[in-house]
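Analysis of the macromolecular model
Listed here are the chains, written in short residue letters.
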Amino acid sequence: MRPSKSSRPRTRTRPKHDDAVEGFVIAVDRGRYTCMVDDAPLTAMRARELGRKSVVVGDRVDLVGDITGSAGSLARIVRIRERTSVLRRTADDDDTTAEGRVERVVVANADQLVIVSALADPQPRTGFIDRCLVAAYDADIAPLLCLTKADLAGPEEVLGYYAELDLPYVLSAPGDDLDELHAALAGRVSVMVGHSGVGKSTLVNRLVPDAFRAVGIVSAIGKGRHTSTSAVALRLPGEEQSWIVDTPGVRSFGLALVSAESLLHGFQDLVEGTVDCPPNCEHTESDPECKLPGWVADGHADVRRLQSYRRLLSSRSGGDGLEGPDRG
């Protein structure tokens, strides 16, 4: 005879975990999460009741279990606190593709996006910077442009391209003090993004001397090697509330999940030029009544900004979005 099924009733009641302590996720590695609790790191895993909710660097979480942080201890993450911001990207701009439908959360709860770009070796790629600005404005995160290798080239061309935005920036060169960058990072959770080879990991090692982030080289064709392999939050020395999140070097910053309206507001210097556009104008080259080209031609914005904006519009609709000399 088969044994009878258990008559024990199922319940959806979950424990309240009133004794949970708050932690800050600083690293994620193969299902294990390093969290800071009272200035000490501990290792945790996700509790089953979280379901499919992802835990990312920057998350504020509630922990139970063994929170001593001793060797071999393992706490449990039972809650993810409400996020103040989410910086996200996709591998593709087109949301009809598999890569465009998958959202990749870069970091949670960041206050500032530090866009690291070299002025030379490799050459600055304003298309990539434009994408990062769109993502920052969409996530309601303040952008900061950090231009490295200022000993090799001047910043005038890049800064001229963003002149209408009043974009905050700092310059960096080997041997310079980082006082200006330190001041910009103080009291904030800042996430640093940039192409490989722009000097991002070198900056991180100077800001946090015990970080030991791997530093790569730039190839003969001006492309860098990926050196950081995973995002990690690092506390600035002497700054209790100041964190920088170092991310792996990225080749693209897909915007498939950013709405068309948010995409436009990523180009704040062009918004005013759309005021007189007809209703439902998509601002593409195929819209003959779009007022943006004439407005830009009158000198209100850099024509390269309009070209970049339209490249992004093209890539969202299935085009490759790679027209022009700077493919981002």
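Computed from a prediction, not measured in an experiment: that's the story for all the values here. (Residues numbered from 1 in each chain as written. Predicted model: local features only at pLDDT ≥ 70, side-chain atom pairs only at ≥ 80, totals over all residues. Heavy atoms only, no water.)

This paragraph deals with the confidence of the model for the protein chain. Per-chain confidence: the protein chain averages 86 in pLDDT, with 85% of residues scoring 70 or above. Ignoring residues within four places in sequence, the model shows residues 214–228, a span with pLDDT below 50, making 35 contacts including any to other chains. Across residues 320–325 the pLDDT falls below 50, and counting only partners more than four positions away or on other chains, this stretch makes nine contacts in the model. (pLDDT = per-residue confidence, 0-100. Contact = heavy atoms within 4.5 Å.)

Running from amino to carboxyl end, helix α8 (residues 292–300) crosses helix α9 (residues 303–316) at an angle of 155 degrees, the nearest separation of the two axes being 9 Å. Between α8 and α9, the crossing angle belongs to the class labelled roughly antiparallel. Judged by residue contacts, L292, P293 and V296 of α8 engage V303, L306, Y309 and R310 from α9. Broken down by class, the residue content of the contact of α8 with α9 amounts to six nonpolar, no polar and one charged. (Axes fitted to C-alpha atoms, helices over the stretch in contact; angles between N-to-C directions. Helix = DSSP H or I, 4+ residues; strand = E, 2+ residues; numbered from the N terminus. Parallel < 35°, antiparallel > 145°, perpendicular 65-115°, else oblique. Nonpolar A, V, L, I, M, F, W, Y, C, P; charged D, E, K, R; others polar.)

In this section: unusual backbone geometry. Residue P122 is bonded to the preceding D121 through a cis peptide linkage, with omega at 5 degrees. For P122, the location among the structural elements is in the loop between β8 (112–118) and α2 (126–139). At H17, a position not held by glycine, the phi torsion is positive, near 55 degrees. With respect to the element layout, H17 can be found in the segment before β1 (21–29). Positive phi values are uncommon outside glycine, yet D121 reaches one of about 50 degrees. Inspection of the secondary structure assignment puts D121 in the loop between β8 and α2.

The tally for this structure, following the rule as stated, stands at four aromatic pairs. Ring plane angle 55 degrees and centroid distance 4.9 Å describe the contact between F24 and W243, whose orientation is recorded as tilted. Residue F24 is found in strand β1, and its partner W243 is found in strand β13 (residues 243–246); the two are separated by 219 residues along the sequence. Of the two residues, F24 and W243, neither departs from the other in class, the shared state being buried. Between the aromatic rings of Y161 and Y162, the centroid separation amounts to 4.6 Å while the plane-to-plane angle is 85 degrees, which identifies the pairing as edge-to-face. The pair Y161 / Y162 is uniform in exposure class, with both members buried. (Phe/Tyr/Trp six-rings, centres within 6.5 Å; stacked < 30°, edge-to-face > 60°. Buried < 20%, exposed > 50% of the residue type's maximum accessible area, 1.4 Å probe, protein only.)

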